[in-house]
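Now for the letters of each chain:
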Amino acid sequence: MSIRFDSVTVAYDGNVVLDALDLTVAPGEVMALLGPSGSGKTTALRAVAGFVRPASGRVLLGERDVTDLPPHRRGIGMVVQQYALFPHLRVEDNVAFGLKARKTPKAEIRRRVAEALEMTGMAAYARRHPRELSGGQQQRVAIARALAIRPAVLLLDEPLSALDARLRSGMLAELARLHRELPEVSILYVTHDQMEALTLADRIAVMDKARLQACGTPQELYRAPANAFTASFVGNANLLPVTVPARGAVLGDAELTLDTAGAAAGARATLCVRPHLVGLGEGPNRLTGTVREIQWRGATHRLYVDVAGHTVRADLPELREAPAHGERITVHFAPEDAVLLAAGVSGDEH
Amino acid sequence: MNTEPALRAAPAHDAAGPAPEPGRTNRTAPGAAGAGPGPGSRAARRLLWALPPVALLALFFLHPLALVVRQSLQPDGGGTSLQPYTDVFASAAFREALWTTVWIALAATAGCLVLGFLLALVIAFVPFPGAKALARFVDVFLSFPSFLITLALLFLYGRTGMANGLWTQATGAAHGPFDFLTTPWGVLLAEVTYFTPFVMRPLLAAFAQLDTAQLEAAGSLGARAPHIVRRIILPEALPALAAGGSLVLVLCLNEFGIVLFTGAKGVTTLPMLVYGKAILESDYPGACAVAVVNVLISVGLYGLYRVVSRRAGA
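Residues numbered from 1 in each chain as written. Chains lettered and ligands numbered in written order. Predicted model: local features only at pLDDT ≥ 70, side-chain atom pairs only at ≥ 80, totals over all residues.

Each helix and strand counted, chain A has eight helices and 20 strands in total. Dimensions of chain A, computed from C-alpha atoms along their principal axes, come out at roughly 75 × 45 × 35 Å. For chain A, the proportion of contacts with a sequence separation of at least 24, taken over those separated by at least 6, is 66%. (Helix = DSSP H or I, 4+ residues; strand = E, 2+ residues; numbered from the N terminus. Contact = placed C-beta atoms within 7 Å.)

Pairing is antiparallel in the open sheet, where five strands are placed in the order S15-S19-S16-S17-S18 (chain A). Two strands close off the open sheet at either side, each with one partner strand: strand S15 (279–280) and strand S18 (310–317) of chain A. (Pairing = 2+ DSSP bridges.)

The next point concerns helix H2 (residues 91–101) of chain A. The buried count for H2(A) comes to eight of 11 residues, which makes it a mostly enclosed element. Of the positions making up H2(A), those classed as buried are Val91(A), Glu92(A), Asn94(A), Val95(A), Ala96(A), Phe97(A), Gly98(A) and Leu99(A). Of the surrounding secondary structure, the elements contacted by the buried residues of H2(A) are helix H3 (106–119) and helix H4 (135–148) of chain A together with helix H11 (212–220) of chain B. Directly after H2(A), the chain includes Lys103(A), whose backbone phi takes a positive value near 60°. (Buried ≥ 20, exposed ≤ 12 C-beta atoms within 10 Å, placed from the backbone.)

Time to look at the packing of H2(A) against H4(A). Two packed helices can be described by the angle between their axes and the distance between those axes. Residue and element names in this part refer to chain A. Two elements in contact, H2 and H4, have axes whose closest approach is 7 Å; the angle formed by their N-to-C orientations is 30°. By the angle between their axes, H2 is roughly parallel relative to H4. In the crossing of H2 with H4, the sense of the turn from one axis to the other is right-handed. Across the interface between the two elements, Val91, Asn94, Val95, Phe97, Gly98 and Leu99 from H2 touch Val141, Ala144, Arg145 and Ala148 from H4. (Axes fitted to C-alpha atoms, helices over the stretch in contact; angles between N-to-C directions. Parallel < 35°, antiparallel > 145°, perpendicular 65-115°, else oblique. Left-handed = near helix turned anticlockwise from the far one by under 90°.)

So, on to the UniProt feature "domain: ABC transmembrane type-1" (unreviewed entry) in chain B. Under the present numbering, the feature "domain: ABC transmembrane type-1" (unreviewed entry) in UniProt falls on residues 98–305 of chain B. A distance of 20 Å separates the end C-alpha atoms of residues 98–305 of chain B, which is 79% helix and 0% strand. (UniProt positions renumbered as here; feature names shortened; annotations may be inferred.)

The next subject is the pairing of strand S16 (residues 285–296) of chain A. Residues in a regular strand project their side chains so that they alternate between the two faces of the sheet. Residue and element names in this part refer to chain A. For S16 and strand S19 (residues 328–333), the ladder comprises six bridges, and the chain directions are antiparallel. Bridge pairing links Arg286 to His332 in S19. Looking at chain direction, S16 and strand S17 (residues 300–307) are connected through six bridges and run antiparallel. Paired with Gln295 across the strands is Arg302, a residue of S17. The hairpin formed by S16 and S17 contains three residues between the paired strands, and Gly298 there has a positive phi angle of roughly 80°.

When its domains are assigned, chain A resolves into domain 1 (3–223) and domain 2 (237–342). Spacing between the C-alpha centres of domain 1 of chain A and domain 2 of chain A amounts to 39 Å. (Domains from an automatic or database assignment.)

A few words now on the interface of chain B and chain A. With 16 residues of chain B at the contact, the number on the chain A side is 17 residues. Elements with a contribution of two residues or more to the side of chain B that touches chain A: H11 and helix H12 (225–253) of chain B. Of all the elements, H11(B) adds the most residues to the side of chain B that touches chain A, at seven residues. Of the residues assigned to the side of chain B that touches chain A, the class counts are seven nonpolar, five polar and four charged. (Nonpolar A, V, L, I, M, F, W, Y, C, P; charged D, E, K, R; others polar.)

On to the environment of Thr270(A), then. Structurally, Thr270(A) can be placed in strand S14 (residues 267–273). With 217 residues separating them along the chain, Thr270(A) and Arg53(A) place their C-alpha atoms 38 Å apart.

With that out of the way, let us pick up the UniProt feature "transmembrane region" (unreviewed entry) in chain B. Residue and element names in this part refer to chain B. According to UniProt, the feature "transmembrane region" (unreviewed entry) maps to residues 47–69, 102–128, 134–157, 240–264 and 284–305 in the numbering used here. Annotated as residues 134–157, this span is 88% helix and 0% strand, and its ends, taken at the C-alpha atoms, are 25 Å apart. Annotation note: span residues 284–305, helix share 100%, strand share 0%, distance between end C-alpha atoms 31 Å.

With that settled, the discussion passes to the environment of Val66(A). All names here are of chain A. Mapping Val66 onto the fold places it in the loop between strand S5 (64–65) and strand S6 (76–80). Take Val66: there are 22 C-beta atoms within 10 Å of it, and that puts it in the buried class. Distance from Val66 to Ala47, taken between C-alpha atoms, is 9.7 Å for residues 19 residues apart in sequence. Aside from chain neighbours lying at most four places away, what touches Val66 is Val59, Leu60, Leu61 and Arg74.

A separate point is the packing of H2(A) against H3(A). Residue and element names in this part refer to chain A. Packing of H2 against H3 leaves a shortest axis separation of 9 Å and a crossing angle of 130°. Classed by the angle they form, the pair H2 and H3 counts as oblique. The two elements H2 and H3 meet at a crossing, and its hand is right-handed. Each of Glu92, Val95, Ala96, Leu99 and Lys100 in H2 lies in contact with H3, whose residues at this interface are Ile109, Arg112, Val113, Ala116 and Leu117. Of the residues assigned to the contact of H2 with H3, the class counts are seven nonpolar, no polar and three charged.

Mean pLDDT for chain A: 88, with 97% of residues reaching 70 or above. Counting contacts from residues 345–350 of chain A, a segment whose pLDDT is below 50, to residues more than four positions away or on other chains yields 14 contacts. (pLDDT = per-residue confidence, 0-100.)

Bringing the nonpolar core into the picture now. Taken as a class, soluble globular proteins show a tendency for nonpolar side chains to be buried jointly. Ranked by internal contacts, the top residues of the largest apolar core, which has 143 residues, are Ala32(A), Leu33(A), Leu155(A), Leu188(A) and Tyr189(A). Per element, the largest residue contribution to this core is 13 residues, and it comes from helix H10 (residues 184–209) of chain B. Of all hydrophobic cores here, the second largest spans 15 residues; its members include Ala97(B), Leu270(B), Ala289(B) and Val293(B). (Core = buried A, V, L, I, M, F, W, Y, C linked by C-beta atoms within 7 Å.)

This part covers the sheet that holds strand S2 (residues 15–25) of chain A. Residue and element names in this part refer to chain A. Sheet architecture is open: four strands sit in the order S2-S1-S4-S5, paired in antiparallel fashion. Edge positions in the sheet fall to S2 and S5, since each has one partner strand and no second. Looking at chain direction, strand S1 (residues 3–12) and S2 are connected through seven bridges and run antiparallel. Pairing of Val8 across the sheet is with Leu21, part of S2. Strands in contact with helix H1 (residues 41–49) are S1, S2 and strand S4 (56–61); relative to S1, the strand with the most contacts, it is inclined by about 115°.

Pasting the structure below:
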């Protein structure tokens, strides 16, 4: 079932936390809402669930306008960061909760609880209480509980944030598998972690400051970000202010060759290039600067190079002879690896 | 900090059998250690600190209690016998007072639990302006003396109270219709009114601990509010309900001020019976016998509550 935000605005005490969001999640699609805290992504999810009421705009599930429906009549599965399992109920009763609330026949409840627990690999734990389970197991139960009511829409609110890193990547694969098994379920996945969004989502909606900044497939956002925030938040790109003469671009005293279609001659623009696409030594687009910082990260070296007053980050395959701190070096990038964005504030550096 | 349980356990260990090794005899019973430095003197000092409270407890609580028990075993005729008890148990007045006490206490407790649960639900989960102020008022209410409520009820529903005044003015009748304050129902009303906040206090604390994400999860799973209250909130509030309910039950069993102030002549509870026997009839052994029974019921109920609550894993 599709999820549609039709110009949804949410405000608390006159404070706009979600500003006229227009977004459609296609049936069976996984849409990630990606953004820093306070960007409005969780508010958008809660508007779909029915826990916040839009000040204006409509929320549609399929053809049905659910804006004025209470949560219990929306038929949505929801999983939150802290699991929110019912502590006094056994795993099987947690999973059966939604079915009992809907007055499902007993035999059907048994069948669907077993099915949901099977699907999440928790069948062996049916008789346990939530406190007897690890964090990852509890999150599986929460997912089973949400799936047991066979929702057409699944809302996941930072479902992996409470888990440690190793468990997180396992659960990520698990979620991808679940979605392959339930291809008709639309999933809205709220996260601040770009890796989760890139791995799992069919499309990513990037949110910041209560607004939708960009929306597209992970590849689109990564290769051709629409704005500086997206370039910085997804893939942590280098953002360098340049001027655009008739052809090419100029950064400091370096003349760069790249596709300047769309940029007016003489205009200021932001050059966006991914750190792992920056190479060491001579090449087509040369930038010369001083090594300010060098970090060894096992498989890679990260260099911070000061070029004409701006920092260029370069992720290089582990170097046999790494440049020294303060050394003057030259880095380069291929013309097709760079994108020109409208001039804006450069993103934060990580 | 870790060594404390071991130290505390040591004297009992040593007392149970011969000291197993020289190293352990250092930690011997506090009395034997003398004034010298070491763990023994520390234990002795700890015992010294325990002395004042124990002495105060004995002086102001245990001693009077013992006096009451002794008095209850010494009939006016002299000697020591169970005569006061057999007299008391044989009297219809006692049996009636016992029944009145128990049923009013049970009914008042039930009323407080239902009313307190509903009010606490509203204060905790229905967002309305002033909910916090109301919750704070519950705390203040707990500090009021019980007779104050009874007085307020007298002003409202007493024979010459406001409700009856309005009625007689409006209808010209000689008497108003409200004449229940001097019946057991009046006592029940006053006790429910006064003791309900005692149930609400622990409930509000429990509700504050409740994860709102659980309530939202239940809602999105298709549960309506009554279903959520019954299946999620109530089970998680059970320990708080048990704590508040047992407290109210014991307090109601021993309530004196409310019964006295309603002026209900027909309502004789055990504390009223003690008062009547001791002050009005000067039957001290009889009064003490009733008092001992009252204390035993209270302690018995408290013990039962502890056993039940431990079974429930609370």
